[in-house]
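Inside the fold
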Amino acid sequence: MKPAPALAEGFPDLSGMRIAREPHWFRWLSAALIVLVLAAIGRAFAGGQIEWSYVSRFLTAKVILEGIVNTMVMAVLAMALGIFLGVVVAIMRLSPNPVLKTVAAGYTWLFRGTPLILQLLLWFNLALVFPTIGIPGLWSGRAVDVMTPFLAALLGLGINQGAYTSEVMRAGMLSVDIGQYEAAQAIGMGRLRALRRIILPQAMRVVIPPLGNEFIGMVKATSLASVIQYPEVLHNAENIYYANSRVIELLIVAGLWYLLVVSILTPLQMLLERRFARGTLQFAR
Amino acid sequence: MTKPLVAIRSVAKNFGEFQALKSVSLDIWPGEVMCLIGASGSGKTTLLRCINQLAAIDGGGIWLDGELLGVREQGGRLHRLSEREIGRQRLKTGMVFQRFNLFPHKTALENITEGPLQVHGRKFDEVRAEAVELLRRVGLSAKADAYPAQLSGGQQQRVAIARALAMKPMLMLFDEPTSALDPELVGEVLAVMKELAKSGMTMMVVTHELGFAREVADRVVYMDQGAIIEQGRASDVLGAPREERTKAFLSAVI
């Protein structure tokens, strides 16, 4: 065996030497600057014409707490309706049946094409179009009694959300490899079973981040239901400041509650994402 | 006299202008191991997909176990079968894909039990016992709870074979089962397929592994441009091809 050739000179041994820490002067400077600006803003608000005692007093007032509960109830129910409609419409959209496809596309077109607040007002004022509504021969009632602010808000928010969610779900289903669908067919699964067992669980991983976005949007979109008298948190805050004229204080109260709710939702989304990441990472379990 | 398990008669398949299959006729007999060879685009994969009805044929007919696939003859016309009926016909064939197509959100064991549980609606305990036995048969008893991403390509393909076998098919279709594998992993998959062939399973294998074809196949079929050019015993087709195109293909491959 030949000995290994001698290594060339002039390339010193660097093993054992550490990489030095950089001082990062600019980071320290910019951070200090931002703290200064924030402090100035804080000081301005502290000295401004805001009665902070009102904020703390109304933050936990019964009407406000009821309002935030109503906000959450509406957000969850409307989002559930939106996801249900979204899944159904996305499946219709990807179906080979041209009738289903057209109906689904028309639904998305109509409800994405008009403002949400307009849709809410239309649902709420449905009685102007149909004084009585019901199922012929089974049951009927006066539309003003049936179309309560709650129902109008649920239908308006949920059906509008369904139009957006259907596109999110469709993107998720399209992201799953066509081979997955073929493999499901090859073991004898029909279209719907393959969707439910194989395609949708994999699509969920992709759609959870955008759906989280949509849900956060929904929590805030419920505030639009204040225009149709649904007693959510902004509506209740407005009612208070109509009486006591503490407009900014009560808007801050409502704002803090929205911030708190959204802050809680973010870690919940991460838990959900982990649940649906099964099998995707080498050592995920 | 026994009947062929699969009878393919004058089958045509087009993708737009492109004729993927031009009047292909072929019989596959029970217990036979047939290897389909040919250049890519020669129609061999399309033929498998037509038998499994992942692709619908445009002309001719395929009979599996005596039953016409995909259509029903009535009053001198052909009517397409419903999705449910096609699904029932598919159960007679098992398919192994080039890219494995395991369900990534399910463990190896769950991949195997999914079909029997969901499609056959059988009991969990009995299905699980069979799946464990199938995993042992493909040499992966230790990997029952592993997700596909935790398995090598060769291991994934062996799980995919077990998944297809779990449906108790009469015919196994292999679509280039080793083409996506690193060279050192090809052998373990071929070994499982050899064992399967020895057990008497009827198999159609699209492959570039001529060594496997020579050793295991009862018949080798060479396809080119959507047509069967030559077929016969492996030693004849691979060892002493008669057709010029077969000779050209073999000399290019070896």
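Parameters and conventions
Residues numbered from 1 in each chain as written. Chains lettered and ligands numbered in written order. Predicted model: local features only at pLDDT ≥ 70, side-chain atom pairs only at ≥ 80, totals over all residues. Heavy atoms only, no water. Pairing = 2+ DSSP bridges. Helix = DSSP H or I, 4+ residues; strand = E, 2+ residues; numbered from the N terminus. Axes fitted to C-alpha atoms, helices over the stretch in contact; angles between N-to-C directions. Contact = heavy atoms within 4.5 Å. Buried area = accessible area lost by both parts, 1.4 Å probe. Salt bridge = Lys/Arg side-chain N within 4 Å of Asp/Glu carboxyl O. Polar contact = N/O pair within 3.5 Å; in protein donor to acceptor, adjacent residues only side chain to side chain. Nonpolar A, V, L, I, M, F, W, Y, C, P; charged D, E, K, R; others polar. Core = buried A, V, L, I, M, F, W, Y, C linked by side-chain atoms within 4.5 Å. Buried < 20%, exposed > 50% of the residue type's maximum accessible area, 1.4 Å probe, protein only.

It is worth spelling out the sheet that holds strand E9 (residues 171–175) of chain B at this point. Residue and element names in this part refer to chain B. In space, the six strands of this open sheet follow the order E8-E9-E10-E3-E11-E12, with mixed pairing throughout. Taken across any chain shown, the strands that pair with only one partner, and hence form the sheet edges, are strand E8 (93–96) and strand E12 (227–232). When the angles between neighbouring strand axes are averaged without regard to direction, this sheet yields 20°. Where strand E3 (residues 33–37) and strand E10 (residues 202–206) come together, four bridges link them in parallel fashion. Its bridge partner lying in E10, Cys-35 is registered against Val-205. Together, E3, E8, E9, E10 and strand E11 (219–224) form the strand contacts of helix H1 (residues 44–51), whose direction differs from that of E9 by roughly 145°.

This next bit is on the interface of chain B and chain A. Opposite the 26 residues of chain B that make contact, chain A presents 27 residues. Interface area for chain B against chain A, summed over the two sides, is near 2300 Å², with a carbon-plus-sulfur share of 51%. The tally of links between chain B and chain A comes to two salt bridges. Residue B:Arg49 pairs with A:Glu182 through a salt bridge whose shortest N-O separation is 2.5 Å. Along the contact surface separating chain B from chain A lie seven residue pairs in polar contact (both at pLDDT 80 or more). Elements represented by at least two residues in the side of chain B that touches chain A include exactly helix H2 (83–90), E8 and helix H3 (108–118) of chain B. In terms of residue class, the side of chain B that touches chain A is built from 11 nonpolar, eight polar and seven charged.

Here we come to the pairing of strand E4 (residues 59–64) of chain B. All names here are of chain B. Where strand E1 (residues 6–15) meets E4, five bridges bridge the pair, whose relative direction is antiparallel. From the neighbouring strand, Ile-8 faces E4, where its bridge partner is Ile-62. As defined by bridge partners, E4 adjoins strand E5 (residues 67–68) across two bridges and the pair is classed as antiparallel. Bridge assignment links Trp-63 to a residue of E5, and that residue is Leu-68. Between E4 and E5, which follow one another and run antiparallel, lie two residues, and Asp-65 among them has a positive phi close to 55°.

On to the nonpolar core. In terms of nonpolar packing, the biggest core is built from 88 residues, with A:Ile64, B:Val6, B:Ile8, B:Leu36 and B:Met204 touching the most fellow members. The leading source of residues in this core is helix H9 (residues 191–221) of chain A, at 13 residues. Setting aside anything within four residues of it in sequence, one finds B:Met204 in contact with B:Ile28, B:Met34, B:Leu36, B:Leu48, B:Ile51, B:Leu171, B:Met172, B:Leu173 and B:Phe174.

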